[in-house]
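The chain contents come next:
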Amino acid sequence: IDIAVPSSKESVHEVHFNRGVAGSQAYALEFNNERPDKMPPEKAAKALKWLSNGLEEAMIAFIKQAKNNSYRLRCCFYEFEYETIAEALKDAAKKGVDVKVIYDARKEAAKNEAAIALNKIPKKLLIPRKSNPNYIQHNKFMVLLKNDAPVSVWTGSTNITAKGIFGQCNTGHIVRDKKIAEKYLAYWNCLKSDPDNPATRTGSLNIQE
């Protein structure tokens with residue numbers, strides 16, 4: 001059977017799976033079951049690259065598509081702690097990209113805000129989600145806009161943490177479809193005013209129509 005496999009860079013869908021815990025036995029054989037943070041820097045970098053399996057690199061590449069002030073990035077994260085992604089978003093903002101990040105300031109408030117302070121992320125880029133503290137906002141997505149038009153989405157199961165990118169078994173999914181990107185942007189716009197849970201539910205249901 002002949003199968004034509006399209007390039008992931010040209011297809012509507014681009015999907016990345018890390019190795020994480022799914023590769024635990026292979027990791028033990030490859031790296032003697034050592035923790036990356038206990039390794040010498042060169043070996044740690046190799047281990048993290050192996051665990052990422054392209055997931056971290058794809059996330060950074062998605063952000064780097066936004067090169068100047070004709071682009072916008074609209075992000076929404078539950079856990080927002082990982083320095084490399086924070087730096088990529090800061091770099092985009094320095095290039096004139098309009099970057100806005102909604103982050104959980106409820107259950108994950110302490111960890112997120114500590115990371116925000118440590119990574120020196122400008123407050124003008126940030127929108128804290130505080131309403132209904134008993135609920136979690138478990139979103140992990142970014143919408144890329146070009147000339148005010150949404151063009152693609154990064155989504156999937158990966159929280160913006162080292163454990164999400166390297167430790168847990170996770171995926172990143174890029175969708176290059178304007179209609180889907182429009183729906184994600186509508187959802188982001190629903191969340192940016194920090195609505196309570198009933199308003200969030202209503203807003204989400206309206207997007208489906």
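In what follows, the structure referred to is the one given above.
These numbers come from a predicted model, not from an experiment.

Parameters at a glance
Residues numbered from 1 in each chain as written. Predicted model: local features only at pLDDT ≥ 70, side-chain atom pairs only at ≥ 80, totals over all residues. Heavy atoms only, no water. Helix = DSSP H or I, 4+ residues; strand = E, 2+ residues; numbered from the N terminus. Rg over C-alpha atoms; globule rule 2.2 N^0.38 Å. Buried < 20%, exposed > 50% of the residue type's maximum accessible area, 1.4 Å probe, protein only. Contact = heavy atoms within 4.5 Å. Areas by Shrake-Rupley, 256 points an atom, 1.4 Å probe, with all protein chains shown as cover. Lys, Arg positive; Asp, Glu negative; His and termini not counted. Charge placed at Lys NZ, Arg CZ, Asp CG, Glu CD. Pairing = 2+ DSSP bridges. Salt bridge = Lys/Arg side-chain N within 4 Å of Asp/Glu carboxyl O. Axes fitted to C-alpha atoms, helices over the stretch in contact; angles between N-to-C directions. Parallel < 35°, antiparallel > 145°, perpendicular 65-115°, else oblique. Left-handed = near helix turned anticlockwise from the far one by under 90°. Nonpolar A, V, L, I, M, F, W, Y, C, P; charged D, E, K, R; others polar. Core = buried A, V, L, I, M, F, W, Y, C linked by side-chain atoms within 4.5 Å.

Draft legend 1. Geometry of the overall build of the protein chain. When its secondary structure is counted, the protein chain shows eight helices and seven strands. The C-alpha radius of gyration computed for the protein chain amounts to 18 Å, which stays within 12% of the reference 17 Å derived for 209 residues, consistent with globular compactness. Dimensions of the protein chain, computed from the C-alpha atoms along their principal axes, are close to 50 × 50 × 35 Å. Counting the 209 residues in the protein chain, one finds 45% classified as buried. Here the analysis covers contacts within the protein chain between residues at least 6 apart in sequence; of these, 74% occur between residues at least 24 apart. Carbon and sulfur atoms make up 53% of the accessible area of the protein chain, which amounts to about 11,400 Å² in all. Across the protein chain, the 32 positively charged side chains and the 24 negatively charged ones have centroids separated by 4 Å.

Draft legend 2. Expanded view of the pairing of strand E6 (residues 149-156). When strand E5 (residues 140-146) meets E6, the two strands line up antiparallel, connected through five bridges. In the sheet register, lysine 146 faces E6, and the bridge partner there is alanine 149. Taking the residues that link successive antiparallel strands as the turn, the E5-E6 hairpin has two residues, and the phi of asparagine 147 there is positive, at about 50°. With four bridges joining them, E6 and strand E7 (residues 171-175) adopt antiparallel strand pairing. Paired with glycine 156 across the two strands is glycine 172, which belongs to E7.

Draft legend 3. Focus on the pattern of salt bridges. What the rule picks out here adds up to 11 salt bridges. Measuring nitrogen to oxygen at the nearest pair gives 3.8 Å for the salt bridge that ties aspartate 98 to arginine 72. Linking aspartate 98 in strand E3 (residues 98-104) with arginine 72 in strand E2 (residues 71-77), this pair joins segments that are 26 residues apart in sequence.

Draft legend 4. Structural detail: the packing of helix H1 (residues 24-31) against helix H2 (residues 41-52). For the pair H1 and H2, the least separation of the axes is 12 Å and the interaxial angle reads 160°. The angle between H1 and H2 falls in the class roughly antiparallel. Here H1 runs over H2; the crossing is right-handed. Counted together, Ala26, Tyr27 and Phe31 of H1 and Lys43, Lys46, Ala47, Trp50 and Leu51 of H2 form the full contact between these two elements. In terms of residue class, the contact of H1 with H2 is built from six nonpolar, no polar and two charged.

Draft legend 5. Just the packing of helix H3 (residues 55-64) against helix H4 (residues 83-94), in detail. Relative orientation of the contacting elements H3 and H4 amounts to 15°, with a least axis distance of 9 Å. By the angle between their directions, the pair H3 and H4 is classed as roughly parallel. Pair H3 / H4 crosses with right-handed handedness. Taking contact as the criterion, the partners of Glu56, Met59, Ile60 and Ile63 in H3 are, on H4, Thr84, Ile85, Ala88, Leu89 and Ala92. Within the contact of H3 with H4, the residues separate by chemical class into seven nonpolar, one polar and one charged.

Draft legend 6. Region of interest: the nonpolar core. Leu73, Phe80, Ile85 and Leu89 are the most contacted members of the largest nonpolar core, which has 42 residues in total. The next biggest cluster of nonpolar side chains, apart from the first, holds 11 residues, and it includes Ile102, Phe141, Leu145 and Leu185.

Draft legend 7. Broad picture of the sheet that holds E2. Spatially, E1-E7-E6-E5-E2-E3-E4 is the arrangement adopted by the seven strands of the open sheet, whose pairing is mixed. Across the chains shown, the open sheet's two edge strands, defined by having one partner strand only, are strand E1 (13-17) and strand E4 (126-129). With direction set aside, neighbouring strand axes in the sheet form an average angle of 15°. The strands touched by H3 are E1, E2, E5, E6 and E7; relative to E6, the strand with the most contacts, the crossing angle is about 165°.

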